[in-house]
There are 2 protein chains.
Amino acid sequence: MVALMHDPLPNYPGYALRRAATATMAELATRLADIGLRQVDASTLILISANPGVTGSALARSLDIRRANMVPLLKGLEDAGLIERVPIDGKSLGLNMTELGLQKLAEAQIRIETFEKELLARVPEEHRAHLVPALNALWQMDS
Amino acid sequence: MVALMHDPLPNYPGYALRRAATATMAELATRLADIGLRQVDASTLILISANPGVTGSALARSLDIRRANMVPLLKGLEDAGLIERVPIDGKSLGLNMTELGLQKLAEAQIRIETFEKELLARVPEEHRAHLVPALNALWQMDS
DNA sequence: CAAAAATTGTTATGTTCTATTGCTATTCTG
DNA sequence: CAGAATAGCAATAGAACATAACAATTTTTG
């Protein structure tokens, strides 16, 4: 059950990035599943709560999710009573948190903060402060 | 077309990690698709070439891929003439690169090296050296 | 202002990746 | 040797994500 003799892959930033992402995302997914949320649900709630009245389209752009895939996502959150939608004009719907949604978000935040703390704790101290800026530099640009 | 007013998500290491991973992986995927490979194909070829005679099961463990999903992967590489399988004993098959596979791998390596270089170039210099060690610390442990 | 262009929300559908289950044959281990 | 573990495989299910098309409604601009 020993590792491969030669494994050059971890030296590739791209590979390390993918493995790190899948491993950590799987971990967070199970913790959020305990309260009936997926990561994308939690992200969405966070953004709505920080931007009351935001539209689904704007969320889609910010989260880099196709508009079409936003529909079942928001429908799920609405059906669960976590958000509500109020017409802004003839074609746009503004999104807001419900009381229940705020409660659920608070639960999620606790789990997320714990997760992020543990995640960072695994990174050797001398690298820790560099992680988030380095990661954000990789995607926050051409979007 | 402006970003959201408040976007707290990039402050979360987990979110930054996911966005960075999906963005960069999509980029690499298109570059490898030009030569008919997926990332997992390239990873597999790299490991086989570094570990001649390795078994599919060992690869699956190293790449964290289910054994069952290894089957169509390796079949694809074999059908494309990139690898060959020779029986080790009654139940194991050793994997080796073909001549064509080595050529294809060389092409892939060029694209991968270019990609990795450009990826690192996007990271501000003071963070650059910390990225790979930080990432590997996130998953190289409990596996 | 009127025509053209863009945006919003939506339905329907397809693709791809990955996990699960179960099976046979073989090898390893106590 | 008997039981446990391993290798390879098939079939299938599910989740995540992409595409295409559409109607209704703004927004832009000539």
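Residues numbered from 1 in each chain as written. Chains lettered and ligands numbered in written order. Predicted model: local features only at pLDDT ≥ 70, side-chain atom pairs only at ≥ 80, totals over all residues. Heavy atoms only, no water.

1. A short note on the pattern of salt bridges
Short version of the rule: Salt bridges are defined by distance alone: a side-chain nitrogen of Lys or Arg within 4 Å of a carboxyl oxygen of Asp or Glu. Only DSSP runs of H or I reaching four residues or more are called helices, and only runs of E reaching two or more are called strands; each is numbered from the N terminus. To sort residues, take the accessible area from a 1.4 Å probe on protein chains only and compare it with the maximum for the residue type: under 20% means buried, over 50% means exposed, and anything in between is partly exposed.
Scanning all chains against the criterion turns up twelve salt bridges over all chains. With a shortest N-O distance of 3.6 Å, Arg111 of chain A and Asp34 of chain A are connected by a salt bridge. One end of the pair, Arg111 of chain A, is in helix H5 (residues 99-122); the other, Asp34 of chain A, is in the loop between helix H1 (13-33) and helix H2 (39-50), with 77 residues separating them in the sequence. Overall, the relative accessible area of 29% leaves Arg111 of chain A in the partly exposed class. Two residues, Glu78 of chain B and Arg85 of chain B, come together in a salt bridge whose shortest N-O distance is 3.1 Å.

2. What about the protein's contact with DNA strand C?
This is how it is decided: Definition of nearness: a residue and a molecule or strand are near each other if at least one heavy atom of the residue lies within 4 Å of the molecule or strand. By the criterion applied in these results, polar contacts are pairs of N or O atoms within 3.5 Å in which, for protein atoms, one can donate a hydrogen and the other can accept it, and in which residues neighboring in sequence qualify only through two side-chain atoms. Under the scheme applied here, ten amino acids are nonpolar (Ala, Val, Leu, Ile, Met, Phe, Trp, Tyr, Cys and Pro), four are charged (Asp, Glu, Lys and Arg), and all others, including Gly, are polar.
In the vicinity of DNA strand C lie 18 residues, with Ser57, Arg67, Lys91 and Leu93 of chain A together with Gly90 of chain B positioned nearest. The contact in question runs from a phosphate oxygen of DNA strand C to an N or O atom on the side chain of Arg38 of chain B, over 3.4 Å. Elements represented by at least two residues in the surface near DNA strand C include exactly helix H3 (56-63) and helix H4 (67-79) of chain A together with helix H4 (67-79) of chain B. Split into classes, the residues belonging to the surface near DNA strand C amount to four nonpolar, six polar and eight charged.

3. Quick notes on helix H2 (residues 39-50) of chain B
Residues and elements named next belong to chain B. Short version of the rule: Here the expected length of a helix is defined as 1.5 Å per residue gap, with one fewer gap than residues.
The first and last C-alpha atoms of H2 sit 17 Å apart over twelve residues, in line with the 16 Å expected at 1.5 Å per residue. Taken across its twelve residues, H2 has ten buried, putting it largely inside the fold. Within H2, the full set of buried residues consists of Gln39, Val40, Asp41, Ala42, Ser43, Thr44, Leu45, Ile46, Leu47 and Ile48.

4. What about the sheet that holds strand S1 (residues 54-55) of chain B?
All names here are of chain B. Selection rule: A pair of strands is labelled paired if DSSP reports no fewer than 2 bridges between them. The criterion used for residue contact is that any of the two residues' heavy atoms lie within 4.5 Å. Axis angles are defined between N-to-C directions and span 0 to 180 degrees, where every axis is a line fitted to C-alpha atoms and, for a helix, only to the segment in contact.
One open sheet holds the three strands; their spatial order is S1-S3-S2, and the pairing between them is antiparallel. Taken across any chain shown, the strands that pair with only one partner, and hence form the sheet edges, are S1 and strand S2 (83-87). In this sheet, strand S3 (residues 93-97) lies alongside S1 in antiparallel orientation, the contact comprising two bridges. Counted as the bridge partner of Val54 is Leu95 from S3. On top of the sheet, H2 reaches S1, S2 and S3; it is set at about 100 degrees to S3, its chief contact. Docked against the sheet, H4 engages S2 and S3, running at close to 110 degrees with respect to S2.

5. Digging into the relation of the copies chain A and chain B
Which entries qualify depends on this criterion: The atoms used to superpose the copies are C-alpha atoms, taken from residues with pLDDT of at least 70 in both, and the fit is least squares.
Least-squares fitting of chain A to chain B yields an RMSD of 0.1 Å, with the transformation described by 0.0 Å of translation along the axis and a rotation of 180 degrees. The two molecules are tied by a two-fold rotation axis, judged by turn and shift.

6. Observations regarding the protein's contact with DNA strand D
Close to DNA strand D lie 18 residues, the nearest being Asn69 and Gly90 of chain A together with Ser57, Lys91 and Leu93 of chain B. Among the atoms of DNA strand D lying within 4 Å of the protein, the sugar-phosphate backbone contributes 60%. Contacts to DNA strand D include Ser57 of chain B, whose backbone N or O atom sits 2.8 Å from a phosphate oxygen. The separation between a phosphate oxygen of DNA strand D and a polar side-chain atom of Arg61 of chain B is 3.1 Å. Elements with a contribution of two residues or more to the surface near DNA strand D: H4 of chain A together with helix H3 (56-63) and H4 of chain B. Of the residues that constitute the surface near DNA strand D, the class distribution is four nonpolar, six polar and eight charged.

7. Here we look at H4 of chain A
Note: α-helices contain 3.6 residues per turn, so residues at a spacing of three or four share the same orientation. All names here are of chain A. Going by this rule: Regarding the arc, it is the one traced by the directions from the helix axis to the C-beta atoms.
An ideal rise of 1.5 Å per residue puts 18 Å on 13 residues; H4 measures up with 19 Å between its terminal C-alpha atoms. Met70, Leu73, Leu74 and Leu77 are the residues of H4 that are buried. Viewed end-on, H4 has its buried residues packed into an arc of 95 degrees, placing them on one side of the element. Exposed residues pointing more than 90 degrees away from the buried face of H4 are listed as Ala68, Val71, Pro72 and Asp79. Residues of H4 that are buried make contact with H2, H3, strand S2 (83-87) and strand S3 (93-97). Downstream of H4 by one or two residues, Gly81 has phi in the positive range, about 75 degrees.

8. Brief notes about the sheet that holds strand S1 (residues 54-55) of chain A
Residues and elements named next belong to chain A. Reading across from one edge, S1-S3-S2 is the order of the three strands in this open sheet, with antiparallel pairing throughout. This sheet does not close on itself; its edge strands, each paired only once, are S1 and S2. On the sheet, H2 packs against S1, S2 and S3 and is oriented at approximately 100 degrees with respect to S3.

9. Overview of the pairing of S3 of chain B
Residue and element names in this part refer to chain B. Where S2 lies against S3, five bridges are found, and the strand directions are antiparallel. Its bridge partner being in S3, Val86 is matched across the sheet by Gly94. In this structure, the hairpin formed by S2 and S3 is closed by a connection of five residues.

10. As for the interface of chain A and chain B
To keep it simple, the criterion reads: Using a 1.4 Å probe, buried area is obtained as the accessible area two parts lose upon being combined, added over both of them.
Residue-level contacts link 59 residues of chain A with 59 residues of chain B. Taking both partners together, chain A and chain B bury about 5,300 Å²; carbon and sulfur atoms supply 70% of that area. For the interface between chain A and chain B, the tally reads zero salt bridges. The tally of links from chain A across to chain B stands at 19 residue pairs in polar contact (both at pLDDT 80 or more). Elements with a contribution of two residues or more to the side of chain A that touches chain B: H1, H2, H3, H5 and helix H6 (125-139) of chain A. In terms of residue class, the side of chain A that touches chain B is made up of 37 nonpolar, 13 polar and nine charged.

These figures capture arrangement, not role.
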